[in-house]
Amino acid sequence: MSDAPQVPTGVVIPTVDGKPSTSALGRAVVADALRSVAPDWAADAAATRDWRGDYLRHFHRLVEAGLPSREAALTVAADGLAALRSRMRYRMSPDTAEQPLEAAFDAPAGDPLRTVTVAGSGEVRRELVVPYRGERLHGASLERQLDAWVAGGVIEVSCAEALRTVAANPQWLALEGRPVVVLGAGAEMGPLTALLRWGADVVAVDLPRPAIWQRLLETAHRSGGRLHVPVAGAAEGELHQRAGADLLHDLRRVADWLGDVDGAPVLGNYVYADGPLNVRVAMAVDALTVRLRSLRPDLALAFLATPTDVFAVPDDAVDESGRRYAGAKGVGRLRGPLRVLSGGRLLAPNYPAGRYPGINDSLVPQQGPNYALAKRLQRWRAAHERAAGATVSLTVAPATRTRSVLKNRLLAAAYAGAHRFGIEIFEPATSNTLMAALLVHDLHAPRPAGTHPWQEEAYAAAHGGLWRGPYAPRSALGIAVLFGIGVARG
């Protein structure tokens, strides 16, 4: 057996000195995104040698550089997208050379994907019910919890209002005539389960792995909705053994299949992978998005933004954070000596006083620059397409105890200790139901056009308390880990 490294195929990271380099890619993309609006910051990004160690400040600047005007923010987004699209590559096989990304849609497609529709035999639920801490919140109990989350600074007022609007219009839940394409159908944070429960049509895309599809098909059978499954033409066997499509390697065939979806479809991006693979998959989805938008001008887009990123936040969030800092209790009583001993690094205030809008920097170093780039790509695409007139739902989702997070022991410990700082970590069933309901809201009551992209991102955010908490998140991270490490081990 050869010890030679396996050559990646499909959508790939460009090579530098014969090897793929996500650091070179990230450095170049951030520099290009900043160059038109902040040339000094662009030069600093381009000259950064330790990208993994220094990427945090550059991703912060990507937001700060766009604040002066809507045009500046959209320029950063457009230039960042162009930089990624021009650099990412496609390789058909290990023996062929890298080609421009567009070559993915010229590759031989093979047998076309065909659709198998699974109609559920369960009851269609026509009420917004949110599972939460062993209860099923609806009606008055949901109203009370929304009030509690707002009072605790866990969600924005606009988030509570949007959820109340959906609860008051249960006929919206089935999304009649709006099939939702769920890319990453098996993702814990995706809306598939909730949408099927509400009787919607869901077009599922995920890897051809039988375990994934067996679970998805069982969910579909229990629901009142319809699941549309991609199947390779020549495949044989049980449906869960035949279903699936690979976005990295089969973009042309997936695009051809989705181009024929009936109705006014929604393309929902819920994909995730670890490390460099996350950038590759995110870019494959972005290329697919551009392709389908050219074929289907009626296509709506849906994204979930991570709260562990950098966001501009409303003035009242800055003010509330300041009040919480001034009146902090518990470990907050020790912030004076802790800040002295740490040289000001521990328990720093969340925002500088009097600066509006505030910039909440909740990037977590352990998640790394590849995760940051993949998530920023989605935000750039959302801003760019919304400005072009598309219906776009991008919502900041709360930190959630997903398997992908909890396998990182440090993050698991931080999540276990986060409540000490007023941060609520959600369970997947709660998060994905809330986010599905916010998607339903955005498809029926689009957000006002022409506002600054930061305001569009802040609308209906469910950040879990990161925006309104007293402390800059990274300045409390280490202490949260210490509080939570025993719980996480248990």
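So, how was this worked out
Residues numbered from 1 in each chain as written. Predicted model: local features only at pLDDT ≥ 70, side-chain atom pairs only at ≥ 80, totals over all residues. Heavy atoms only, no water. Axes fitted to C-alpha atoms, helices over the stretch in contact; angles between N-to-C directions. Helix = DSSP H or I, 4+ residues; strand = E, 2+ residues; numbered from the N terminus. Left-handed = near helix turned anticlockwise from the far one by under 90°. Contact = heavy atoms within 4.5 Å. Nonpolar A, V, L, I, M, F, W, Y, C, P; charged D, E, K, R; others polar. Pairing = 2+ DSSP bridges. Parallel < 35°, antiparallel > 145°, perpendicular 65-115°, else oblique.

(A) Here's a closer look at the packing of helix 1 (residues 22–35) against helix 14 (residues 368–387). Orientation of helix 1 relative to helix 14, taken along the N-to-C sense of each, is 35 degrees, at an axis distance of 10 Å. The interaxial crossing formed by helix 1 with helix 14 has left-handed handedness. Only N370, L373 and W380 of helix 14 make contact with helix 1, whose side of the interface consists of T22, L25, G26, V29 and A33. Here the contact of helix 1 with helix 14 is composed, by residue class, of 5 nonpolar, 3 polar and no charged.

(B) Fine view of the sheet that holds strand 9 (residues 180–183). Here we have 7 strands laid out as an open sheet, ordered 6-11-10-9-12-13-16, and mixed in their pairing. Of all strands in the sheet, those with a lone pairing partner are strand 6 (113–119) and strand 16 (392–396), marking the two edges. In this sheet, neighbouring strand axes are inclined to one another by 20 degrees on average, regardless of whether the strands run parallel or antiparallel. Pairing of strand 12 (residues 266–269) with strand 13 (residues 300–305), which is carried by 4 bridges, proceeds in the parallel orientation. Residue pairing for strand 13: V266 is matched across the bridge by A300. Packing of helix 8 (residues 210–222) onto the sheet brings it into contact with strand 6, strand 10 (201–205) and strand 11 (226–232), and relative to strand 11 it is tilted by some 150 degrees. Set on the sheet, helix 11 (residues 276–295) makes contact with strand 9, strand 12 and strand 13; between it and strand 12 the angle comes to about 170 degrees.

(C) Layout of the packing of helix 11 against helix 14. Closest axis-to-axis distance for the helix 11/helix 14 pair is 8 Å, and the angle between their directions is 15 degrees. By the angle between their axes, helix 11 is roughly parallel relative to helix 14. Judged by the twist between their axes, the crossing of helix 11 over helix 14 is left-handed. Where helix 11 abuts helix 14, its residues P276, N278, V279, A282, M283, D286, T289, V290 and R293 lie against N370, Y371, L373, A374, L377, R381 and E385. Residues belonging to the contact of helix 11 with helix 14 are distributed by class as follows: 9 nonpolar, 3 polar and 4 charged.

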